[in-house]
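Descriptive structure summary
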Amino acid sequence: MTETPKLTLDFKGLLCPMPVVKIAQAIKQVQVGELIEAIATDPGVMADIPAWARSTGHELVTLEKQDKIFKFVVKRLK
Amino acid sequence: MFEKKEKLTLVVLSGDLDKVMASYIIASGAAAAGMEVVMFFTFWGLKAIQRDGVFTGKGLFGRMLGVMNRGGLNAIGPSRLNMGGMGRWMFKLMMKQKGVTQLPELRQAAIDLGVKLMPCQMSMDVMEINCDHLIPETTEPVGVATMLEHAKESSIQFFI
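Cut-offs used in this document
- Residues numbered from 1 in each chain as written.
- Chains lettered and ligands numbered in written order.
- Predicted model: local features only at pLDDT ≥ 70, side-chain atom pairs only at ≥ 80, totals over all residues.
- Heavy atoms only, no water.
- Pairing = 2+ DSSP bridges.
- Helix = DSSP H or I, 4+ residues; strand = E, 2+ residues; numbered from the N terminus.
- Axes fitted to C-alpha atoms, helices over the stretch in contact; angles between N-to-C directions.
- Contact = heavy atoms within 4.5 Å.
- Buried < 20%, exposed > 50% of the residue type's maximum accessible area, 1.4 Å probe, protein only.
- Polar contact = N/O pair within 3.5 Å; in protein donor to acceptor, adjacent residues only side chain to side chain.

**Comments concerning the sheet that holds strand S1 (residues 5-12) of chain B**
Residue and element names in this part refer to chain B. One open sheet accounts for four strands, arranged S3-S2-S1-S4; its pairing is parallel. Whereas interior strands pair on both sides, the edge strands pair on one side only; in this sheet they are strand S3 (116-119) and strand S4 (154-159). Averaged over neighbouring strand pairs, the angle between their axes works out to 15° when direction is ignored. As paired strands, strand S2 (residues 36-41) and S3 are joined by four bridges and run parallel to one another. The partner of methionine 39 across the bridge, within S3, is leucine 117. Sheet contacts for helix H6 (residues 144-152): S1, S2, S3 and S4; angle to S1, the most-contacted strand, approximately 140°.

**Remarks on the environment of valine 30 of chain A**
Residue and element names in this part refer to chain A. Along the chain, valine 30 falls in the loop between helix H1 (18-27) and strand S2 (35-40). Given the relative accessible area of 2%, valine 30 is considered buried. When the C-alpha positions of valine 30 and arginine 76 are compared, they lie 7.3 Å apart, and in sequence the two are 46 residues distant. Look past the residues within four positions of valine 30 in its chain and what remains in contact with it is Lys6, Leu7, Ile36 and Arg76.

**Examining the side chain of serine 28 of chain B**
Here serine 28 of chain B is to be found in helix H1 (residues 17-32). Polar contacts involving the side chain of serine 28 of chain B include one to the main-chain carbonyl oxygen of tyrosine 24 of chain B, which spans 2.8 Å. Filtering out sequence-adjacent residues up to four positions away, serine 28 of chain B remains in contact with Pro17 and Val21 of chain A together with Leu106, Ala110 and Leu113 of chain B.

Encoded structure:
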């Protein structure tokens, strides 16, 4: 990935529904085309962040598990 | 004719901690996903939008109800195993230990994401609850026709 994220967020310790709530609030703070990177510890984000991206129409660029940390990057599309 | 929108209508009849929690989680999740969300609070559900530490009721029965059936997010207990408040204390502690977002913060998140909170006029009349007993973020009290109008154009409707 060559683009650098505009925002880097820490969702460690947050449980459902807060990762989704926080990412929804954060996406309004960046411009269309910009990226947000976030880390979380809730395994629920593996299913919920892709679902959130599908229903809002934003792009899930990456989502990966590193040890017990879940790291994802989303791109504002509209 | 109504066209269905990306919209969720929730009817919250229950005033129990667990069910109110589920309601606010669903509402904030839907709002986060870009849906328009309307929550209609009726009967026991009014407790979920009552101010904390306020006693409701005008007449004898109304005031008795207000004392025995305290509203507000800090007063409500789980639907099972409350055991005179012990269950509430235990669940709150367990949720805190796991880092689950507490009810007041959850409701605030829903409000910040634009969720509309509508109290039911008829329940307010029966239970002698007035607008001053409710949190200021609620809309004016409404009736069943208003709720149905929202439900009709919603792609999802829940009754909790």
